[in-house]
Amino acid sequence: MAEDYYQTLGVDRKADTEEIRKAYRKLARKHHPDLNPGDKTAEDRFKKVQEAYDILSEPKKKTMYDQYGFYSDNGMPSGGGGPKPGAGPNMGFGGFDFSDAYTRGGSGARGRSPNDAGESTNFNDIFSQWFSRGGGQSGQPEAHEKGTDLEYGLSIDFWQAIRGTQVKLKINHQESCTTCGGSGSRAGANVVCPECNGSGNVTQMAGAMRFSLTCPKCEGVGRLRNKCATCHGDGRLSAEESVEVRIPAGAQQGSRLRVAGKGNAGSPGTVAGDLYITIRVEAHPFFRREGDDIHITLPVRIDEAGLGAKIEVPTIDGRALLKIPQGTKNGQKFRLREKGVQNSRTGTRGDQIVEVALLAPVVQDERTKELLREYAELHPEDPRADVWTQV
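Caption draft 1: Just the sheet that holds strand S9 (residues 275-281), in detail. With respect to topology, three strands assemble into an open sheet ordered S1-S9-S8, the strand pairing being mixed. Of all the strands in the sheet, the pair left with one neighbour each is strand S1 (150-156) and strand S8 (256-259). The sheet shows a mean angle of 30° between the axes of neighbouring strands, direction not considered. Taken together, the seven bridges between S1 and S9 define a ladder with parallel strand orientation. Looking at S9, one finds that Ile 156 is bridged to Val 281.

This is the structure:
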């Protein structure tokens, strides 16, 4: 039986890349020939660990191994040599005699002798092509391939995000080749493949088993063509385009906008991908935004806080009047309803939150000192009295 690579590394089949890497490094150190001089068993074990890691650390090889129990650059092995190293149990077809396999001409057709010229079907070759071309799924790999999407990042300032704006972006994407119309072929050179009649796949029989395989003549495209000299057969060309993008009012950090059809061109007959723009909003030195609310910290004098006052407050719409009640404390917060950001989706506005920051008086004259002494005589209570009870 073939060796199980997961068992070789001592990991579960659901192990992620990091778990596989850690297991490999641990075993590689343990069995490294330099640390085990003259130990043939350790050397063999090291080679097996290395082989297992080479397969399981690469996504393409790991996917094929997980699905078929082996990995081979040439697909399934043919001939009588059995499965290649690393193949899972019972996955090879070498050693079996399929010389009696025959080809049927269709439902109800007379069986033909495998000795007829050109009619013999090699069972191993069928499986080799089947596995190496993605399990028999063939036919026009690009015929219905939608264009890929593009991602761009866009930085805007605080006021552009609040009020909305229109920006012009220069993007690089793939456009359909105008010379060949996106077909990738020269004019008049695109003809239906006679082998598969344009389907991209051919059917082969082995005994009672029917296999759908990629057409070897057109390689699954369904048409024979000469490559376009402009796009070299790709059907698309890189191009720069200016795109007008409207940023709605109230756009937030991380907002994602979609511009339909401005991604990469797809295959002929399909739509282009989309352009996605992720918004980055620059910070403002005074206003702080949290969702649809605006936060500010406002300096307030002790007389305004102690006696109460009406003060002007800056908002994103201009000035607004805020009433500070008597006895306002440092850090106290007040809410200005619907003075925040307009939400374009809900149609509602956030609020503005004003946090009070009390300013200590600047004492530069005797009169101010005298007033503060009078205040201290009128209010001799210790503001830190409760602190000592909590220590």
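Caption draft 2: Representation of the pattern of salt bridges within the structure. Taken as a whole and judged by the stated rule, the model has 22 salt bridges. With a shortest N-O distance of 3.8 Å, Asp 4 and Arg 13 are connected by a salt bridge. Classification of Asp 4 by relative accessible area gives partly exposed; the value is 28%. A salt bridge links Lys 47 to Glu 43; the nearest nitrogen and oxygen atoms lie 3.7 Å apart. One end of the pair, Lys 47, and the other, Glu 43, are both in helix H3 (residues 40-56), four residues apart, so they sit about a helical turn from each other. Residues joined in a network through salt bridges with shared partners are Asp 4, Arg 13, Lys 62 and Asp 66.

Caption draft 3: Broad picture of the sheet that holds strand S14 (residues 333-336). Strand order in this open sheet of four strands is S10-S11-S15-S14, and the pairing throughout is mixed. Both outer strands of the open sheet, strand S10 (288-290) and S14, are each paired with one neighbouring strand and no more. Sheet twist, expressed as the average angle between the axes of neighbouring strands with direction ignored, equals 35°. When S10 meets strand S11 (residues 293-301), the two strands line up antiparallel, connected through three bridges. Of the residues in S11, the one forming a bridge with Glu 290 is Asp 293.

Caption draft 4: Examining unusual backbone geometry more closely. Unlike most non-glycine residues, Asn 197 shows phi in positive territory, near 60°. Note that Asn 197 resides in the loop between strand S3 (191-192) and strand S4 (201-206). Positive phi, close to 55°, is recorded for Glu 338, a residue that is not glycine.

The rules we used
- Residues numbered from 1 in each chain as written.
- Predicted model: local features only at pLDDT ≥ 70, side-chain atom pairs only at ≥ 80, totals over all residues.
- Heavy atoms only, no water.
- Pairing = 2+ DSSP bridges.
- Helix = DSSP H or I, 4+ residues; strand = E, 2+ residues; numbered from the N terminus.
- Axes fitted to C-alpha atoms, helices over the stretch in contact; angles between N-to-C directions.
- Salt bridge = Lys/Arg side-chain N within 4 Å of Asp/Glu carboxyl O.
- Buried < 20%, exposed > 50% of the residue type's maximum accessible area, 1.4 Å probe, protein only.

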